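Below, each chain spelled out in residue letters.
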Amino acid sequence: PTALFAPRANSAGVDLADPLVREPLPESMAELSDFSGWTAAPTAEAAPAAAPRPVTCPHDRTIVVGHCRDARPDEVSTMIERALSAQPEWDARGGAARAELLAAVADAYEAHRDAFLSLCQREAGKTLTDAVLELREAVDFLRYYAAEARRLFTPEGEALPGPTGESNRLTLHGRGAFVAIAPWNFPLAIFTGLIAGPLAAGNTVLAKPAEQTPLIADLAVRLFREAGMPDGVVQLVPGDGTVGAMLTGDPRIAGVAFTGSTETARAINRSLASRDGPLAQFVAETGGQNAMIVDSSALPEQVTRDVVASAFQSAGQRCSALRVLYLQDDIADAMLEMIRGAFEALVIGDPEDLTTDVGPVIDAEAKAALDAHVAAMRAAGHTVWQRELPQGCDRGTFVAPAIIQIDSIRQLEREHFGPVLHVARFAAADLEQVIADINAVGYGLTLGIHTRIDNTRRLVQARAKVGNLYVNRNQIGAVVGSQPFGGEGLSGTGPKAGGPHYVARFATERVACIDT
Ligand code: NAD
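A short tour of the structure in this document, coming up. (Residues numbered from 1 in each chain as written. Predicted model: local features only at pLDDT ≥ 70, side-chain atom pairs only at ≥ 80, totals over all residues. Heavy atoms only, no water.)

1. Quick look at unusual backbone geometry
For step 1, the next point in the chain: The omega angle of the peptide bond from Gly-494 to Pro-495 is -5 degrees, so this bond is cis rather than trans.
For step 2, the next point in the chain: Note on placement: Pro-495 falls in the loop between strand E17 (468–471) and strand E18 (507–515).
For step 3, the next point in the chain: Even without a glycine there, the phi angle at Ser-314 is positive, about 60 degrees.
For step 4, the next point in the chain: For Ser-314, the location among the structural elements is in the loop between helix H11 (300–312) and strand E12 (322–328).
For step 5, the next point in the chain: For Ala-315, which is not a glycine, the phi torsion comes out positive at approximately 50 degrees.
For step 6, the next point in the chain: Note on Ala-315: relative accessible area 1%, which makes it buried. (Helix = DSSP H or I, 4+ residues; strand = E, 2+ residues; numbered from the N terminus. Buried < 20%, exposed > 50% of the residue type's maximum accessible area, 1.4 Å probe, protein only.)

Laid out in C-alpha cells, this is it:
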C-alpha cells in the first residue's frame with residue numbers, strides 16, 4: 001500500500017435542520033422505544049441462565065429500559081475458545097472480504113437508525129442531536145476501517161527493495177482473539193470502532209460493553225452477526241469490570257482494544273503483563289484534563305458558543321470536553337459575563353425533549369462524584385456559579401451544571417466527567433507558563449485555542465503536548481478520517497481512532513524473503 005488514505009465517504013448522517021427529516025423522527029423512534037421485553041445476553045449463552053438485571057433510564061430511574069444477563073466465567077471461557085477457533089479462517093479471508101462484511105454492517109446500522117437513536121436516548125441519556133452524531137460516527141468507523149482492511153491486507157502485501165534475484169514481501173495478518181472493552185459515553189460509536197478495528201485486521205473479537213449500556217451493544221452485535229460474520233467472529237460479553245478482568249487476564253487472548261478511564265487502563269496493563277500466553281498488544285484511549293486558552297484577540301461571541309458547546313454538550317460526558325478555560329485577564333470579566341449568559345440559558349432536562357441542551361449523567365455513582373466535587377470546591381472558597389435543576393430532574397441522575405473559578409489547572413487532581421467547567425485567568429506574559437502547567441498535568445487529549453494572533457497560535461501548537469488541537473472552534477466532535485482522535489501521556493497509547501495508523505496496530509507483520 002502506498003497511499004495513506006483509502007477512498008471512502010463519511011455517512012451523510014441525519015439532517016435535523018431539515019423539517020422533513022426532523023418532524024417525523026420522534027414518532028418513528030417512539031414506535032421503537034419499547035425494549036422492555038428485551039434482554040441483552042452473552043452470545044454463547046449457557047443454560048440455565050441466571051436472573052437478568054434491569055437496565056434503567058438515566059433521566060427517569062423508574063423506567064426499566066430492558067434487561068441484561070451478564071456473562072458467567074464458564075461462558076467467558078467458552079466464548080474465548082470459539083473466538084480462537086474462528087480466527088484462522090477469518091484472517092485467511094483477506095482484507096477485501098472482511099471489508100465487504102464491515103460495509104454491510106454499516107448499512108445495517110443505517111437501516112436500524114431509529115432503534116439506535118431511541119436506545120441512545122433511553123439507555124444512555126443522549127439528546128437527539130448527540131444520538132444522531134453517535135450513529136453517524138459508528139457508521140463512519142465501520143466504513144473507514146473497511147477501507148483500511150482493503151488498503152492494508154492485500155494477499156500480495158508490499159514489495160520491499162532487495163538485491164536482484166531476491167523477492168522480499170511484507171504482509172499483515174491478524175494476531176488472534178482480541179478483547180474490545182468500551183465505555184458508556186459513546187455506547188455505539190466507540191463500542192463499534194473498538195470491534196471494527198481489530199476485525200478489519202483479521203482478529204476475532206470478544207466485545208465487552210460498559211455495564212450501563214448493554215442493550216445498544218446487543219443490537220450492534222446482532223447486526224454484525226446478521227450481516228454474515230461467521231460464528232465466533234464477534235461475540236457479546238456483557239458484564240462489569242470483573243467480566244472485563246476475566247477476559248484481559250486470560251492467557252489465550254492476543255490483545256485488548258480499550259477506551260475508558262486511565263485507572264482502568266492501568267489495571268488492564270498490569271493484568272496483561274502478569275499473565276502467561278503471547279505478549280499482548282494493548283491499545284488504550286483514556287481520560288483527559290482538557291483546556292482552552294482564550295486571548296484578548298479572540299472573537300467573544302464565537303468563544304461563548306464554543307466554550308458552552310465544549311463544556312456542556314453531552315452533559316460534559318465527552319473525553320474531549322473542555323474542563324479548564326484559561327481567559328486572558330484583560331478580557332476575562334467581559335468574557336465571563338457572556339459565557340454566564342449562555343450558561344444560564346441552557347435547557348436542562350429530559351433528553352427526549354427536543355429543546356433540551358443538557359441531559360442526565362450516566363448513573364448515581366457519577367452524580368455523587370460530581371456533586372461532591374462541586375461541594376468541595378465551594379467549601380474550599382472557590383466562586384461557584386451553579387444552575388438550579390428544574391422540576392422532574394429528581395427522577396433521574398442529573399447534575400446541576402456549574403462554573404467554578406480556580407487559579408490553575410494544577411488545582412485539579414483528576415478528570416471530572418460531567419457538566420462542570422473550571423475557569424482560570426492568565427496574564428499575557430504568562431502564556432508559556434500556562435502551556436507548561438497544562439502539559440505538567442500529564443494528560444494530552446484535546447486543547448482549544450482562540451486567538452487571531454498567528455504567533456500565539458504557533459507557540460501553543462509547538463509546545464502543547466496534546467493529541468488533538470482545535471483553533472478558533474469548539475473542541476469536541478472529531479470526524480472519522482478528517483480528525484483522527486486520541487491523546488498521549490495519561491490520555492492513551494495511540495494510535496488514533498479513525499486514522500490511518502489504527503488498524504495496522506491490531507495486525508502482526510510477516511516478511512517472506514524468497515530467492516528467485
Ligand atoms: P471505566 O474505565 O470505568 O470503564 C470502561 C470499561 O472498562 C467498562 O466496560 C468497564 O466495565 C471496564 N472495566 C472496568 N474495570 C475493568 C478491569 N479491571 N478490567 C477490565 N475492564 C474493566 O470508564 P467509563 O466510566 O466507562 O468511561 C469514562 C472514561 O472514558 C473517562 O475517563 C473518559 O475520559 C474516557 N473516555 C476516553 C475516550 C478517548 O477517546 N480517549 C473516549 C471516551 C471516553
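On we go from here.
2. Structural notes on helix H12 (residues 329–345)
For step 1, the next point in the chain: Between its terminal C-alpha atoms H12 stretches 25 Å, which fits the 24 Å expected from 17 residues at 1.5 Å a residue.
For step 2, the next point in the chain: What H12 keeps buried is the set Ile-331, Ala-332, Met-335, Leu-336, Ile-339 and Phe-343.
For step 3, the next point in the chain: In this fold, the buried residues of H12 make contact with strand E11 (290–294), H11, E12, strand E13 (384–386), strand E14 (402–405) and strand E15 (420–426). (Expected span 1.5 Å × (residues − 1). Contact = heavy atoms within 4.5 Å.)

3. Concerning the nonpolar core
For step 1, the next point in the chain: Formed by 78 residues in total, the largest nonpolar core has its most connected members in Tyr-109, Ile-195, Leu-199, Phe-224 and Met-229.
For step 2, the next point in the chain: Per-element accounting of this core gives the leading share, 13 residues, to helix H6 (residues 128–152).
For step 3, the next point in the chain: Setting aside residues up to four positions removed in sequence, Leu-199 forms contacts with Trp-90, Arg-98, Leu-102, Thr-204, Val-205, Phe-224, Met-229, Val-233 and Val-234.
For step 4, the next point in the chain: Grouped together as the second largest cluster of nonpolar side chains are 31 residues, Trp-184, Tyr-326, Val-361 and Ala-402 included. (Core = buried A, V, L, I, M, F, W, Y, C linked by side-chain atoms within 4.5 Å.)

4. Considerations on the pairing of E15
For step 1, the next point in the chain: Most of E15 is tucked away: six of the seven residues are buried.
For step 2, the next point in the chain: Looking at chain direction, E12 and E15 are connected through five bridges and run parallel. Note on E15: the bridge partner recorded for Gln-328 is Phe-426.
For step 3, the next point in the chain: In this sheet, E15 lies alongside E14 in parallel orientation, the contact comprising four bridges. Along E15, the bridge assignment pairs Ile-404 with His-422. (Pairing = 2+ DSSP bridges.)

5. Some details on the sheet that holds E11
For step 1, the next point in the chain: If you trace the seven strands from one edge of the open sheet to the other, you get E13-E14-E15-E12-E11-E16-E17, paired in mixed fashion. Two strands close off the open sheet at either side, each with one partner strand: E13 and E17. Taking each pair of neighbouring strands and ignoring which way they run, the sheet shows an average axis angle of 20 degrees.
For step 2, the next point in the chain: The pairing of E11 with E12 spans five bridges and is classified as parallel. Note on E12: the bridge partner recorded for Val-294 is Leu-327.
For step 3, the next point in the chain: Relative to the sheet, helix H13 (residues 364–379) contacts E13, E14 and E15, its axis offset from that of E15 by approximately 35 degrees.
For step 4, the next point in the chain: Each of E11, E12, E15 and strand E16 (446–450) is contacted by helix H14 (residues 431–440), which is oriented at about 170 degrees to E11, the strand it contacts most. (Axes fitted to C-alpha atoms, helices over the stretch in contact; angles between N-to-C directions.)

6. Here's the deal with the site of the ligand
For step 1, the next point in the chain: The environment of the ligand is formed by 28 residues, the closest being Glu-211, Ser-261, Thr-264, Thr-286 and Glu-415.
For step 2, the next point in the chain: In this structure, an oxygen atom belonging to the ligand sits 2.7 Å away from a side-chain N or O atom of Glu-211.
For step 3, the next point in the chain: At a separation of 3.4 Å, an oxygen atom of the ligand approaches a polar side-chain atom of Glu-285.
For step 4, the next point in the chain: Expressed as a share of its isolated accessible area of 840 Å², the protein-covered part of the ligand is 87%.
For step 5, the next point in the chain: Of all elements in the fold, only helix H9 (241–248), strand E9 (255–259) and helix H10 (262–274) reach the threshold of two or more residues within the shell around the ligand.
For step 6, the next point in the chain: Top element by residues in the shell around the ligand is H9. It accounts for three residues.
For step 7, the next point in the chain: Considering only residue class, the shell around the ligand consists of 14 nonpolar, nine polar and five charged. (Near = heavy atom within 4 Å. Polar contact = N/O pair within 3.5 Å; in protein donor to acceptor, adjacent residues only side chain to side chain. Areas by Shrake-Rupley, 256 points an atom, 1.4 Å probe, with all protein chains shown as cover. Nonpolar A, V, L, I, M, F, W, Y, C, P; charged D, E, K, R; others polar.)

7. Here's the deal with the side chain of Arg-122
For step 1, the next point in the chain: Mapped onto the secondary structure, Arg-122 falls in helix H5 (residues 113–124).
For step 2, the next point in the chain: Residue class for Arg-122 comes out buried when judged on its relative accessible area of 16%.
For step 3, the next point in the chain: Beyond its immediate stretch of four places on either side in the chain, Arg-122 contacts Ser-33, Thr-56, Cys-57, Pro-58, Ile-63, Val-65 and Glu-352.

8. A closer look at H13
For step 1, the next point in the chain: The first and last C-alpha atoms of H13 sit 22 Å apart over 16 residues, in line with the 22 Å expected at 1.5 Å per residue.
For step 2, the next point in the chain: Buried positions along H13 lie against E13, E14 and E15.
For step 3, the next point in the chain: Where H13 ends, the next residue or the one after it, Gly-381, has phi of about 95 degrees, a positive value.

9. A look at the sheet that holds E18
For step 1, the next point in the chain: Across the sheet, which stays open at both edges, the three strands sit in the order E4-E5-E18 with antiparallel pairing between neighbours. Edge positions in the sheet fall to strand E4 (158–160) and E18, since each of these pairs with one other strand and no more. Taken pair by pair, the neighbouring strands of this sheet meet at an average axis angle of 30 degrees, ignoring direction.
For step 2, the next point in the chain: Here strand E5 (residues 166–174) pairs with E18 via nine bridges, running antiparallel. Among the inter-strand pairings, Ser-167 is bridged to a residue of E18, identified as Ile-514.

10. With respect to the packing of aromatic side chains
Note on aromatic pairs: each is described by the distance of the centres and the angle between the planes.
For step 1, the next point in the chain: A complete count under the given rule lists eleven aromatic pairs for this structure.
For step 2, the next point in the chain: Judged by centre distance (5.3 Å) and plane angle (85 degrees), the ring pair of Phe-178 and Phe-506 falls under edge-to-face. In this pair, Phe-178 sits in strand E6 (residues 177–181) while Phe-506 sits in the loop between E17 and E18, placing the two residues 328 residues apart along the sequence.
For step 3, the next point in the chain: A relative accessible area of 0% places Phe-178 in the buried class.
For step 4, the next point in the chain: Note that Arg-98 overlies the ring of Phe-153, its terminal NZ or CZ placed 5.2 Å from the centroid.
For step 5, the next point in the chain: Here the guanidinium or amino end of Lys-126 rests over the ring plane of Phe-186, the centre of that ring lying 4.3 Å away. (Phe/Tyr/Trp six-rings, centres within 6.5 Å; stacked < 30°, edge-to-face > 60°. Lys NZ or Arg CZ within 6 Å of the ring centre and 35° of its normal.)

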